[in-house]
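# Survey of secondary and tertiary structure
Below, each chain spelled out in residue letters.
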Amino acid sequence: MNVVVLSQRGASGGPADQLAYSAWSEAENVLVDVGGARLGLLDVHRRHRRVKLRRVAGRGLRRVAGTHRVLPALSEGLLKPVPQADHLILMAHGAWELPLIERVGRLRRSAKTISVWMPEVWPSELDDRVAYEGYGMVDHLFVGIREVVDRFTELVPNADIHCLPPAADVLTFGGGDPEPKRNIAVLGIGRREPSQHRRILDWAAANQELYLYDTLQGKAVSWREHRDAVANWYRQSRMAVCNYGKHDRPEEIGNLRIVPGRLFEGLAAGSILIGMPPDEESQRQLVGEVVVESTESTELETLLDKYNDPEAGRLMRLRNASLAARRHDWAHRWRDVFRAIDLVRPEGLDERLALLDARADELDRRRR
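A few points on the structure.

Conventions and cut-offs
- Residues numbered from 1 in each chain as written.
- Predicted model: local features only at pLDDT ≥ 70, side-chain atom pairs only at ≥ 80, totals over all residues.
- Heavy atoms only, no water.
- Axes fitted to C-alpha atoms, helices over the stretch in contact; angles between N-to-C directions.
- Helix = DSSP H or I, 4+ residues; strand = E, 2+ residues; numbered from the N terminus.
- Parallel < 35°, antiparallel > 145°, perpendicular 65-115°, else oblique.
- Left-handed = near helix turned anticlockwise from the far one by under 90°.
- Contact = heavy atoms within 4.5 Å.
- Nonpolar A, V, L, I, M, F, W, Y, C, P; charged D, E, K, R; others polar.
- Phe/Tyr/Trp six-rings, centres within 6.5 Å; stacked < 30°, edge-to-face > 60°.
- Buried < 20%, exposed > 50% of the residue type's maximum accessible area, 1.4 Å probe, protein only.
- Lys NZ or Arg CZ within 6 Å of the ring centre and 35° of its normal.
- Core = buried A, V, L, I, M, F, W, Y, C linked by side-chain atoms within 4.5 Å.
- Salt bridge = Lys/Arg side-chain N within 4 Å of Asp/Glu carboxyl O.
- Expected span 1.5 Å × (residues − 1).
- Polar contact = N/O pair within 3.5 Å; in protein donor to acceptor, adjacent residues only side chain to side chain.

### Re the packing of helix H8 (residues 223-235) against helix H10 (residues 261-269)
- With their axes 8 Å apart at the nearest point, H8 and H10 run at an angle of 55 degrees to one another. It follows that H8 is oblique to H10 by the angle criterion. Note on packing geometry: the crossing formed by H8 with H10 is right-handed. On H10, the residues that touch Arg227, Val230, Tyr234 and Arg235 of H8 are Arg262, Glu265, Gly266 and Ala269.
- Tallied by class, residues from the contact of H8 with H10 come to 3 nonpolar, 1 polar and 4 charged.

Have a look at this one:
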């Protein structure tokens, strides 16, 4: 098995530099570390002028000559040459990154299968131009949001499309014991709702508790250090805010209440998840249970008071950590990718899955 994962982290100034996308680098590394895959570092990112020009030219070609046509590769497109790949996988930050595959001509032509995984792409991003984006090259398309599947099926009718949500490195985020006392009362990472944020601040001040939240946005100095730091914050938190995805962007999400990637991080760490919850049916389908305690149906301060007591949330913390270990590590997602591509799983991936199952078994025993 010769799998190459195309990564944008080598092209500075692009999406991979942003804090929000460091999880995708984590996902890539799990397959490299335990699955024997190689990393193909792309020399440019989707925002680069050469990629934008290639997109426009490719779109024009496919409008005239058919959606399966591709432009020739003018360079190999990698920082370090990777001569051959039986299976090529792009971790994409959006729906408009197919020119990155198109550029790696020799590598693309050697591959038996080409797959693209988009953990976060939204229906509002998909206009009719997607049909001319070079998806004819792609054998398998994985999207993180189930509502996107129908839209992609409409635009790219011949594609093999699967719903594959985000996950977390459970061995990092859930590496500790979920039961001991946690020093952080509430953790708030990512987009915040102003009124909710103010009320948690007031509650923390009144109760002399620690509320840890984002104060910066932008580029990570080291994605590994950033992910380790975030995992440590979650492991130390009794509660974590988990609002539905892009709740502050109604023009982008419409009436969707999407399961955010942050949910899987808090789940792995055994934090109690509170907030404006994702759709309950989406939680059941993608997570396995409804795991976010709604601040819309129960007073926010009531939940803060309740779960600030370590004993009150003990069984929920064990439940969350077990659910993540059983179903929501990046290794589980790569297992599903290998199943869809019809590949034998690497031994290292199976060993990680067995380790996760053993952790889940132990957590379940402690719940009884």
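Next comes the rest of the account.
### Notes on the packing of aromatic side chains
- One pass over the structure, following the stated rule, counts 7 aromatic pairs.
- Between the aromatic rings of Trp24 and Trp330, the centroid separation amounts to 6.3 Å while the plane-to-plane angle is 85 degrees, which identifies the pairing as edge-to-face. Placement of Trp24 in helix H1 (residues 22-35) and of Trp330 in helix H14 (residues 330-341) is noted, with a sequence separation of 306 residues between them. Here Trp24 and Trp330 have matching classes, each one buried.
- Ring plane angle 65 degrees and centroid distance 5.5 Å describe the contact between Tyr135 and Phe152, whose orientation is recorded as edge-to-face. Within this pair, whereas Tyr135 is found in the loop between strand E4 (113-118) and strand E5 (140-143), its partner Phe152 is found in helix H5 (residues 146-155), the two being separated by 17 residues in sequence. The exposure classification of Tyr135 matches that of Phe152, with both residues buried.
- Among the aromatic side chains, those forming a connected cluster through ring pairs are Tyr21, Trp24, Trp117, Trp330 and Trp334.
- Lying over the aromatic face of Trp96, Arg129 brings its terminal NZ or CZ to 5.1 Å of the ring centre.
- Cation over ring: Arg333 sits above Phe264, and NZ or CZ is 5.5 Å from the ring centre.

### Examining the nonpolar core
- Grouped together as the largest cluster of nonpolar side chains are 50 residues, with contacts concentrated most on Leu263, Trp330 and Trp334.
- In terms of residue count, the dominant contributor to this core is H14 (6 residues).
- The residues contacting Leu263, other than those within four sequence positions of it, are Cys242, Leu273, Pro278, Val287, Val291 and Val292.
- Formed by 44 residues, the second largest nonpolar core is a distinct cluster that contains Ile114, Leu126, Leu141 and Tyr244.

### Thoughts on the pattern of salt bridges
- For the structure on display, the rule yields 37 salt bridges.
- Between Asp177 and Arg366 there is a salt bridge, and its shortest N-O distance comes to 2.6 Å. Here Arg366 lies in helix H15 (residues 347-367) and Asp177 lies in the loop between helix H6 (170-173) and strand E7 (184-188), a separation of 189 residues in the sequence.
- Using a relative accessible area of 23% as the deciding quantity, one classes Arg366 as partly exposed.

### Side note on H14
- Taking 1.5 Å per residue, 12 residues should reach 16 Å; H14 reaches 17 Å between its end C-alpha atoms and fits that length.
- Buried residues of H14: Trp330, Ala331, His332, Arg333, Trp334, Val337, Phe338 and Ile341, and no others.
- The N-capping residue of H14, defined by a side-chain oxygen 2.8 Å from the backbone nitrogen of Ala331, is Asp329.

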